[in-house]
Amino acid sequence: MTITGAILRNAVIYAAQLITSHRQEIDALNVFPVPDGDTGTNMSMTITNASREVRVKDDSESVSAVASCVASGLLRGARGNSGVILSLIFRGISKGLKGLDEADGAAIASALEHGSSSAYKAVMKPTEGTILTVARVASEEAAASDAADVPALWDVVMTAGQKALEDTPNLL
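We now turn to the structure provided with this report. (Residues numbered from 1 in each chain as written. Predicted model: local features only at pLDDT ≥ 70, side-chain atom pairs only at ≥ 80, totals over all residues. Heavy atoms only, no water.)

1. Thoughts on the pattern of salt bridges
When the charged atoms of two side chains lie near each other, side chains of opposite charge can form a pair. Under the definition given, this model contains 4 salt bridges. Of the charged contacts in the structure, one is a salt bridge between Arg-136 and Glu-128, with a shortest N-O distance of 2.9 Å. Salt-bridge contacts for Glu-140 lead to Arg-136; the nearest nitrogen and oxygen are separated by 3.2 Å. Taken together, the residues Glu-140 and Arg-136, both in helix 7 (residues 131–144) and 4 residues apart, mark about one turn of the helix. The exposure class of Glu-140 is partly exposed, given its relative accessible area of 41%. Assessed through its relative accessible area of 24%, Arg-136 is described here as partly exposed. Each member of the salt-bridge network shares a partner with another, and the members are Glu-128, Arg-136 and Glu-140. (Salt bridge = Lys/Arg side-chain N within 4 Å of Asp/Glu carboxyl O. Helix = DSSP H or I, 4+ residues; strand = E, 2+ residues; numbered from the N terminus. Buried < 20%, exposed > 50% of the residue type's maximum accessible area, 1.4 Å probe, protein only.)

Written out as structure tokens, the structure is:
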């Protein structure tokens, strides 16, 4: 299975709905740099903007075009540190998917590495135990995986991300 532009578009729309519906739980995770409790709110506002923009993309759009639209929408809608970092991660993912009509597991793993790497480079003082760590660990596991099938790769990414998220309090 590969990821098409339509699948990516729908995934971003669904992700926006999920983040919005779990906004308060995500707010409660926020402890760095100060426990201001707005991470979920900021991420929700950021991805909702991208969701609005990507909704106009039709099923024939390439994964590259949709990723570029999402990255642009995230950047324009970025709120707070978490929103900016989310937009930076996706800007790197978009660069990793550039020129592709569809993306297989290897392309997704590479794009995730691009996303993590570019976000780390863009943040002046990256701190472990944050969204950066979760993205990095997930992308490293994806790169180390031999899963060519996107659903199998996504299982690896989600498991690694969850594990990294659970470990973040120990890193701060």
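That shown, we press on.
2. Topic: the packing of helix 6 (residues 105–122) against helix 8 (residues 150–171)
At a minimum axis distance of 9 Å, the contact between helix 6 and helix 8 shows a crossing angle of 30°. By the angle class used here, helix 6 and helix 8 are roughly parallel. The handedness of the crossing between helix 6 and helix 8 is right-handed. Residues Gly-105, Ile-108, Ala-109 and Leu-112 of helix 6 pack against Val-150, Leu-153, Trp-154 and Val-157 of helix 8. Class assignment of the residues belonging to the contact of helix 6 with helix 8 gives a composition of 7 nonpolar, 1 polar and no charged. (Axes fitted to C-alpha atoms, helices over the stretch in contact; angles between N-to-C directions. Parallel < 35°, antiparallel > 145°, perpendicular 65-115°, else oblique. Left-handed = near helix turned anticlockwise from the far one by under 90°. Contact = heavy atoms within 4.5 Å. Nonpolar A, V, L, I, M, F, W, Y, C, P; charged D, E, K, R; others polar.)

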